[in-house]
Amino acid sequence: MKKDFSILVGGAAGEGSRKAGLVIAKLFAGLGYRLFIYDDYQSLIRGGHSFSQIRASDKKVLSHRQKLDFLLALDETTLKKHQFDLDKKGIIVYNRDKISIKDKKAIGIAMETIVKKAGGTSIMENTALVAGFAKIIGINWETLEKLFKNEFKKFLELNLKIAKKAFDSQKNLMKIKKLNQKPWPVLTGNEALSLGAVKAGLDFYFAYPMTPASGILHYLAGHQKDFKIAVVQLENEVGIINAALGAAYSGVKTMVGTSGGGFALMTEGFSLAAQSEIPLVVVESQRPAPASGVPTYTGQGDLLFALSAGHGDVLRFVIAPGDADEACFWAGKILNLAWKYQTPSILLIDKEISESTFSFDENILSKIKDEKPLLWNKKGKYLRYQDTKNGISPLAFPGEKKAVVKANSYEHDEFGLTVEDKKSVEKMQNKRLRKFKEMRKEVAKLAAVKVYGQKTAEEAIIVWGSTKGPAKEAAETLGIKMIQPIVLEPFPEKQLKRALKGVKKLISIETNALGQLGKVLKGWGIKVDGEILKYDGRPFLPEEIEEKL
């Protein structure tokens, strides 16, 4: 029995292919399948070509594949672009009111006719497509009706009327079997990340909308009453980071979200956070650059930028999760770390993680705690930058009795007053450097490097971020080792070299043009023997990696 299906739903922007893909994915999720959805769309409001590619498997999957079992076309462009990816046994389901096709594997649904007779609008053709497809693969009407009632809050009765007509117009050609495993919820990486931050005590989220991080803003804003947090959109990224610093200075756990161009505007504020030792988390979701690049596609071109952003010696955590579960866990972890060490930190993801949809393991949330920072004991004179043994100064916040709480962008003494003499300047730099030593020790206690595939193999690939999914699958197929550093600053040197023990050939795989992880590894004396780089804005497929290796 087949247990791994690939379905592509496509149409023009504004025709609802993404919503159709999500509903189809939830049908499979209800049958116990594990899901991954890749969404591809142009930077257009209407027109062009958009599609969602759904993968449903009995095992956890983190990537889509090239070959399709089902091609669902709302328009002719979808058919022309993707029919060559259809498996020999694959089936086409299409809008026969708009597309003419002679193929025994093609099943037409009169979507436009059904919608018009029901009194609906053209976007509701996606409802007819989903319902007709559900009948074809053996989903019963009661299951589909229940899902529609959960998914469609507006025009529910009209959508149900259209769905029933389309459902009844088709024949049941197969039966997708229900799996004996508990259904998991499906979430985007942005949503999973948001849940992790909230679980770790997030109080305030600031953002200016920038694809692909905008989903965090939308999700948190839509649930701010449920989560008991504040969410604010300001006029630009400069305002965002400075407002976030003010909020953190006043004692609330704060996070901001953006992409590379927005973070470029935040770098002066990022340096201010380092000097004033104000905790800050920046979620940087990458897309192809420089400048506006390809705004709705993916890439890993900001690694070196994230590691060096800001002027001067800026101490930071940089953490790059590889999927939704990791994004959830590490969003919580980095928020706690930023507050523990009172330093700015970057959670580095990309469009593939932000906007793809994953089956989400809710058990991850039980591993995240709201950890409290080191607070002032209210004894003696309060020194905001007290020169402690480990470099971490106790925190107090404005309004607290008997505490004058300074924050200073200039070099300063323990109280927070500006200094320029060489002895005081060196003293405070040494204080922060001791803190960085503690940050290194912290990383050594974390699972900062993961290993997959054949762990004793002499051949290995090394990846970071979203390339984890396809690379893991390729490594398992080829019987080689895959190494994934997650924490990239402070660099987990010992853990990584331990993972590399016995490896005689190492290939790095990244979605950027310069091999940025390879450059980082070289700085730590780790030589890669070759690189597989992709920089067309699209993520790797497992088959691509297998072929190139």
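Above this text you will find the structure in question.
The structure contained in this document is the topic of the report that follows.

Reading the values: the criteria
Residues numbered from 1 in each chain as written. Predicted model: local features only at pLDDT ≥ 70, side-chain atom pairs only at ≥ 80, totals over all residues. Heavy atoms only, no water. Axes fitted to C-alpha atoms, helices over the stretch in contact; angles between N-to-C directions. Helix = DSSP H or I, 4+ residues; strand = E, 2+ residues; numbered from the N terminus. Left-handed = near helix turned anticlockwise from the far one by under 90°. Contact = heavy atoms within 4.5 Å. Nonpolar A, V, L, I, M, F, W, Y, C, P; charged D, E, K, R; others polar. Salt bridge = Lys/Arg side-chain N within 4 Å of Asp/Glu carboxyl O. Buried < 20%, exposed > 50% of the residue type's maximum accessible area, 1.4 Å probe, protein only. Pairing = 2+ DSSP bridges. Expected span 1.5 Å × (residues − 1). Bend = angle between axes of the 7 residues up to and from the residue.

## A few points about the packing of helix 7 (residues 189-199) against helix 13 (residues 324-341)
Reasoning step 1: The N-to-C vectors of helix 7 and helix 13 enclose an angle of 35°; their axes lie 7 Å apart at closest approach. The two elements helix 7 and helix 13 cross, and the hand of that crossing is right-handed. Of helix 13, the residues touching helix 7 (which contributes Gly189, Ala192, Leu193, Gly196 and Ala197) are Ala324, Ala327, Cys328, Ala331, Gly332 and Leu335.
Reasoning step 2: Taken together, the residues that form the contact of helix 7 with helix 13 break down as 8 nonpolar, 3 polar and no charged.

## Considerations on the pattern of salt bridges
Reasoning step 1: Within this structure, the stated rule accounts for 32 salt bridges.
Reasoning step 2: One salt bridge connects Glu151 with Lys26, and the closest N-O pair in it is separated by 2.7 Å. Highlighted residues: Glu151 in helix 5 (residues 141-151) and Lys26 in helix 1 (residues 17-30), separated in sequence by 125 residues.
Reasoning step 3: A relative accessible area of 16% means that Glu151 is categorised as buried.
Reasoning step 4: For Glu476, the salt bridge is made with Lys472, and the minimal N-O distance between the two is 3.0 Å. Of this pair, Glu476 and Lys472 both sit in helix 16 (residues 468-478), 4 residues apart, which is roughly one turn of the helix.
Reasoning step 5: The partly exposed category is assigned to Glu476, whose relative accessible area is 45%.

## Describing the pairing of strand 13 (residues 344-350)
Reasoning step 1: Buried residues dominate strand 13, accounting for 7 of its 7 residues.
Reasoning step 2: Because side chains alternate across strand 13, one face comprises the buried residues Pro344, Ile346, Leu348 and Asp350, and the other comprises Ser345, Leu347 and Ile349, equally buried.
Reasoning step 3: As defined by bridge partners, strand 11 (residues 280-286) adjoins strand 13 across 7 bridges and the pair is classed as parallel. Paired with Leu280 across the strands is Pro344, a residue of strand 13.
Reasoning step 4: Of the strand pairs in this sheet, strand 12 (residues 317-319) and strand 13 are connected by 3 bridges, and their pairing is parallel. Following the sheet pairing, Phe317 is matched in strand 13 by Ser345.

## Focus: unusual backbone geometry
Reasoning step 1: The step from Thr211 to Pro212 runs through a cis peptide bond, and the omega angle for that step is 5°.
Reasoning step 2: As for its position among the elements, Pro212 is in the loop between strand 8 (204-207) and helix 8 (214-222).
Reasoning step 3: The residue after Ala289, namely Pro290, is reached through a cis peptide bond having omega 5°.
Reasoning step 4: Counting through the fold element by element, Pro290 comes out in the loop between strand 11 and helix 12 (303-308).
Reasoning step 5: The backbone of Lys402 sits at a positive phi, close to 65°, despite the residue not being glycine.
Reasoning step 6: With respect to the helices and strands, Lys402 occurs in the loop between strand 14 (357-359) and helix 15 (422-444).

## Concerning the sheet that holds strand 12
Reasoning step 1: Strand order in the open sheet made by the 7 strands is 9-8-10-11-13-12-18, with mixed pairing throughout. Edge strands, defined here as strands with exactly one partner in the open sheet, are strand 9 (230-233) and strand 18 (487-489). With direction set aside, neighbouring strand axes in the sheet form an average angle of 20°.

## Some details on helix 11 (residues 260-276)
Reasoning step 1: With 17 residues, helix 11 extends 24 Å from end C-alpha to end C-alpha; this agrees with the ideal 24 Å at 1.5 Å per step.
Reasoning step 2: The largest bend along helix 11 reaches roughly 50° and is located at Met266.
Reasoning step 3: Across the 17 residues of helix 11, 12 count as buried, placing the element largely inside the fold.
Reasoning step 4: Within helix 11, burial applies to Gly260, Gly262, Phe263, Met266, Thr267, Gly269, Phe270, Ser271, Ala273, Ala274, Gln275 and Ser276.
Reasoning step 5: In this fold, the buried residues of helix 11 make contact with helix 10 (237-249), strand 10 (254-258), strand 11, helix 12, strand 13 and helix 15.
Reasoning step 6: In the stretch just after helix 11, Glu277 is the one whose phi turns positive, near 55°.

## So, the sheet that holds strand 14
Reasoning step 1: Spatially, 6-5-4-1-3-2-14-7 is the arrangement adopted by the 8 strands of the open sheet, whose pairing is mixed. Pairing within the sheet leaves two strands with one partner each, and these edge strands are strand 6 (106-109) and strand 7 (186-188). When the angles between neighbouring strand axes are averaged without regard to direction, this sheet yields 15°.
Reasoning step 2: In terms of strand pairing, strand 5 (residues 86-95) meets strand 6 through 4 bridges, oriented parallel. When the bridges of strand 6 are listed, Asn95 appears paired with Ile109.
Reasoning step 3: Against the sheet, helix 4 (residues 125-136) makes contact with strand 1 (4-13), strand 4 (68-73), strand 5 and strand 6, and its axis sits at roughly 135° relative to strand 6, the strand it touches most.

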